Structures are given as structure tokens and as C-alpha cells.
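Descriptive structure summary
What follows is each chain in one-letter form.
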Amino acid sequence: MTHQECINCGTKYDINEIVYFCKKCGDLIEVKYNFDELAEKLEKTNWKQVPLSVWRYKDFMPIQDVSKIVSLNEGGTGLHSCHKLGKQLGLLQLNVKNEGENPTGSFKDRGMTVGVSKANELGAKNVICASTGNTSASLAAYAAKSGMRCTVLIPSGKIAYGKLSQAMIYGAKVFQVRGNFDQSLDMVLKLSEKHPSIYLLNSINPFRVEGQKSLGFEICDQLDGEAPDRIVVPVGNAGNISAIWKGFTEYHKLGFINKLPKMTGIQAAGSAPIAQMIKNGSTEMVPVQSPETVATAIRIGAPVSWKKAVNAIRNSGGTAETVTDDEILAAQKLLARVEGIFVEPASASSIAGLIKLVNNGVIDKGERVVCVTTGHGLKDPDTAVKMSEKPIEVEAEMTAIEDALGLKHMEILAR
Ligand SMILES: *Cc1c(COP(=O)(O)O)cnc(C)c1O
Ligand SMILES: [Zn+2]
């Protein structure tokens, strides 16, 4: 039977119980399956014929009533072969899993389709989250589709305009809190505890993690049933790296892949508590008080899923690294100009991390690497405009363009 379980003390909870933290020890909750049952069930269906998408994996999801599914057609994102960039770095094989191709432009949709479907199954009418942007954009869309009321808390300070515009147009009630992300998260945790009619959809919600694990499944399916040697992924609140690892381990247990990738987490230098833990070999997370980075989606000082993420990194033989804002912005531009993939700064941190880890010899050039780019570049157009050459203003005359492009003035010959 599918159930929920505390990752620390193993206390079990019913799959339909609303529980965000263990009632005994306060630790995180995860969904567990009986793999013999699941394998049997899978054998009786044609799931491998269903097009690549989150719901191809519905038997791996904690939803009992498929009529409650709320979907905008998420997942099935491209796994792009990046020969040119790979060659520049001397890598044998580099792929980019571009999560910006999801309905609201980030991987958050994978988790929200499952989280909101479960909320729907549980009869929730109100949903809430704290967000640096993409979570609120995604939740607002799925809440709109399902007819739930949506409240989002965003931290004060710089927020990427593309994301804010999404939450607003989808009709969420948006609060900008005079405080940082970690304070906003603390508030929604307490609000949902005090008012059980408000269902919480931050990444501690164990059902969101279930949706996000499909990212791992898809990568294996796109590589014809093989796991890559390494996954490089940006880490903020640390739900995604934990979810992707869960996906790989479940596929491994079911025998669909025969090895596991090294999970490699990348954090912004000004906001890197998990990378610090990995570098120091410590077992407790020390929060960063005032996290700062241009990569707003990973500007998080106290990642709530740090324990799951650190377990994923350590159990997979992976690592974590930090990158500076300059490295992030250079990587963003490089990926756009060499591979035609435009991602937001947080997403580019996986590319920046890859470059750093190849250059310092941690990543072997013979490895097959998949970098996850988590969100679309149009989420944060201001940064992209600031980073690029300004448009050149010219007179409305051909010769002006020819001059600017270094072309010769030639008569157009009559044919
Ligand atoms: C949410 C988000 C992240 C961070 O993911 P976590 O699960 O919080 O670690 C990274 N990049 C983008 C674009 C995001 O939206
Ligand atoms: Zn517990």
C-alpha cells in the first residue's frame, strides 16, 4: 500500500492524511510505495506507449481518483543534445533537460499538477504558497484550472517580473511580504497549521515532490532506459534535487535502469548553505541570514528540504558547488548563444557549475552529463536585456544598416 512516512523516525501516515511535518519528530515526510505491487500494476498497463509527460507515470503517483487530475499538459520537456557546448568543455556527452518548456515555464508545474490534483482529491478549496516567483506562477495557474482560491506570499526586494505577471493574471491573491523568502515560508506554514482549510503547496508538500520525480523518469526514458553518469541541478529550497533522486531510485528499484547518477547540486555563492555542508562534511545546516544573488529563484537561506538533498548528494556519490553571479550570467549568455536555449539566471547556475567542476577536474570528461535548466529565460527579461548589447539606433535607410554591418554599398542591378 502507498503511504506517507517520516524520513527520520519512520512514523507512517495514511496517504490521504494532510501532514507536512512529522507529528512525532518534526522531520520531513515522503511518500512510499510497495514496489512489488507497483511492478505488477505496471505490467498490466501500456504506460510506456503514453507520450512523455508527468501523467505517463500516473501509477507512480499518489492519486487514487484519476477524475480529480488537474493538468495543463506538463512534463515531456526536451532533452537537448548540446554537442557544441559539450565540445567547448571537452565533454563526451552533454544534454540539457530544459524545464522552461513546461506550461508556466518552470519545473514547478510537475509538482503542482500532482499537488493540486491531490488537493482536489482531498476536497481543498483554498491553496497557499510562499514563493520567489515560479511556485506562485505555477500554483496560480493550476488553482485557476481547478477553481480553487489561491493565495501567494512573495518576499520583498527584486522579483522577476515575468513570474509576478503570471501569478497576477491567473488571479491569485498576491501579498508582497516585507521580509525575505524564509520569513514568508514560515508565515504560510503557520497559516496552514492554524487554518486547516488552507492547503499548503510549498515543496515540503510530499505530493509535489512526487510530481517532480517524473523529471528523473523522463531523463531515463529519453536516454533509452539508461541513467546518465551525472545530473547537475540548481538548488534553492532543495525539493527538486531530492525529487529527481527519488525518481532515479524508484526506477532503479523497479529494474528500469541499472545504475544511479551522481547528484550534483549548484548554489549561488551568496546563498549556499547546502554546498557549505557538503564541502565541510557537516551534518547540520547553518542558514544564511541574508541570502543574495541575481538568481532569485535560488535566493534561499534556509532550504527546507536540506536533509533530503544532502542525503541524495551523499548517497549518490555526488557533490555540491557554488557559483558567483558573474559566472551565472556568463553561463546564461553562453547557453543562449551556443545552443539556442534561453533560461533564467537560476537555471544557468547548473551550466556555470558544470563549467567550474569540469575545469577543476571534479567532473571527468568521459562522463555522460545531464544539466537541468529549471526555468524559462522570459521569466526575467530585465536581467537578459541588461546583460546584452543594446539595440543600435539608425536612420530608416539601407545604407545605415550596411554601414553598421560592414557591408559595401552596391547598386541593386536591374534583372
Ligand atoms: C524553484 C526553482 C529552483 C530551485 O528549486 P528547489 O526545488 O527549490 O531547489 C531553481 N530554479 C528555478 C527556475 C526555480 O523555479
Ligand atoms: Zn518523525
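Coordinates for the structure precede this section.
The structure reproduced in this document is the subject of the present report.

Parameters at a glance
- Residues numbered from 1 in each chain as written.
- Chains lettered and ligands numbered in written order.
- Predicted model: local features only at pLDDT ≥ 70, side-chain atom pairs only at ≥ 80, totals over all residues.
- Heavy atoms only, no water.
- Near = heavy atom within 4 Å.
- Polar contact = N/O pair within 3.5 Å; in protein donor to acceptor, adjacent residues only side chain to side chain.
- Helix = DSSP H or I, 4+ residues; strand = E, 2+ residues; numbered from the N terminus.
- Nonpolar A, V, L, I, M, F, W, Y, C, P; charged D, E, K, R; others polar.
- Salt bridge = Lys/Arg side-chain N within 4 Å of Asp/Glu carboxyl O.
- Buried < 20%, exposed > 50% of the residue type's maximum accessible area, 1.4 Å probe, protein only.
- Patch = residues over 30% accessible without salt bridge, like charges linked within 9 Å, V, L, I, M, F, W, Y side chains within 5 Å.
- Areas by Shrake-Rupley, 256 points an atom, 1.4 Å probe, with all protein chains shown as cover.
- Lys, Arg positive; Asp, Glu negative; His and termini not counted.
- Charge placed at Lys NZ, Arg CZ, Asp CG, Glu CD.
- Pairing = 2+ DSSP bridges.
- Axes fitted to C-alpha atoms, helices over the stretch in contact; angles between N-to-C directions.
- Contact = heavy atoms within 4.5 Å.
- Donors = N, O, S within 2.8 Å, 3.2 Å for Na, K, Ca; no water.
- Tetrahedral: all angles 85-135°; square planar, octahedral: opposite > 155°, others 65-115°.
- Expected span 1.5 Å × (residues − 1).
- Phe/Tyr/Trp six-rings, centres within 6.5 Å; stacked < 30°, edge-to-face > 60°.
- Lys NZ or Arg CZ within 6 Å of the ring centre and 35° of its normal.

Concerning the site of ligand 1
- The immediate surroundings of ligand 1 are formed by 16 residues, with K108, N134, N237, A238 and T374 found nearest.
- In the environment of ligand 1, an oxygen atom lies 2.6 Å from a nitrogen or oxygen atom belonging to the side chain of K108.
- Here an oxygen atom of ligand 1 sits 3.2 Å away from a polar atom, N or O, in the main chain of G239.
- At the level of elements, α9 (239–253) and α13 (345–359) are the ones that each hand at least two residues to the shell around ligand 1.
- Of the residues belonging to the shell around ligand 1, the class tally is six nonpolar, eight polar and two charged.

Focus on the pattern of salt bridges
- As enumerated under the stated definition, the model contains 21 salt bridges in all.
- The shortest N-O distance in the salt bridge between D221 and R56 comes to 3.0 Å. A residue pair is termed long-range when its members are at least 10 positions apart, and D221 in helix α8 (residues 214–222) and R56 in the loop between α1 (35–43) and β4 (79–81) qualify at 165 residues. Each of the two residues, D221 as well as R56, counts as buried.
- Residues E210 and K213 are paired through a salt bridge, measuring 2.6 Å at the closest nitrogen-oxygen approach.
- Residue classification places K213 among the buried positions, given a relative accessible area of 0%.

Details of a negative patch on the surface
- A contiguous patch of negative charge, built from D36, E37, E40 and E43, is present on the exposed surface.
- The topology assignment puts E40 in helix α1.
- Residue classification places E40 among the exposed positions, given a relative accessible area of 51%.

Considering the sheet that holds strand β5 (residues 93–98)
- Spatially, β4-β5-β13-β10-β11-β12 is the arrangement adopted by the six strands of the open sheet, whose pairing is mixed. Of all the strands in the sheet, the pair left with one neighbour each is β4 and β12 (319–323). Each adjacent strand pair in this sheet contributes to an overall mean axis angle of 25°, direction not counted.
- Direction of pairing for β5 relative to strand β13 (residues 368–373): parallel, over a ladder of six bridges. Residue pairing across strands places Q93 opposite R368, the latter belonging to β13.
- The sheet contacts of α8 involve β4, β5, β10 (230–234) and β13, and relative to β5 the element is tilted by about 135°.

Let's talk about the coordination of the zinc ion (ligand 2)
- Those protein atoms acting as donors to the zinc ion (ligand 2) are C6 (SG), C9 (SG), C22 (SG) and C25 (SG), and they sit at 2.3 Å.
- What the four donor atoms of the zinc ion (ligand 2) show is an angle range of 97 to 119° at the metal, which sorts the shape as tetrahedral.
- When the donors of the zinc ion (ligand 2) are listed by position in the chain, the intervening gaps give C-x2-C-x12-C-x2-C. On the criterion of sequence distance, the pair formed by C9 in the loop between β1 (3–6) and β2 (12–13) and C22 in the loop between β2 and β3 (29–32) is long-range, its members being 13 residues apart.
- For C9, a relative accessible area of 38% puts it in the partly exposed group.
- By relative accessible area, which is 5% here, C22 ends up buried.

Some remarks on the sheet that holds β1
- Strand order in the open sheet made by the three strands is β2-β1-β3, with antiparallel pairing throughout. Of all strands in the sheet, those with a lone pairing partner are β2 and β3, marking the two edges.
- When β1 meets β3, the two strands line up antiparallel, connected through four bridges. By the bridge assignment, Q4 is partnered in β3 with V31.

Quick look at helix α3 (residues 108–121)
- The end-to-end C-alpha separation of α3 is 20 Å, in line with the 20 Å expected for 14 residues at 1.5 Å each.
- Once α3 finishes, G123 follows within two positions and takes phi at roughly 85°, a positive value.

What to know about the packing of aromatic side chains
- As enumerated under the stated definition, the model contains 11 aromatic pairs in all.
- A ring pair is formed by W47 and Y251, whose centres lie 6.4 Å apart and whose planes are at 75°; its orientation type is edge-to-face. Remark: Y251 occurs in helix α9 and W47 occurs in the loop between α1 and β4; sequence separation between them is 204 residues.
- With a relative accessible area of 1%, Y251 lands in the buried category.
- An angle of 55° between the planes, with centres 5.0 Å apart, marks the rings of Y57 and F217 as tilted. Here F217 lies in helix α8 and Y57 lies in the loop between α1 and β4, a separation of 160 residues in the sequence.
- The exposure class of F217 is buried, given its relative accessible area of 0%.
- Within the aromatic cluster, the residues linked to one another by ring pairs are W47, Y57, F60, F217, Y251 and F256.
- In this structure, K48 packs its charged tip against the face of F256, placed 4.9 Å from the ring centre.
- A cation sits over an aromatic face here: K118 above F207, 5.4 Å from the ring centre.

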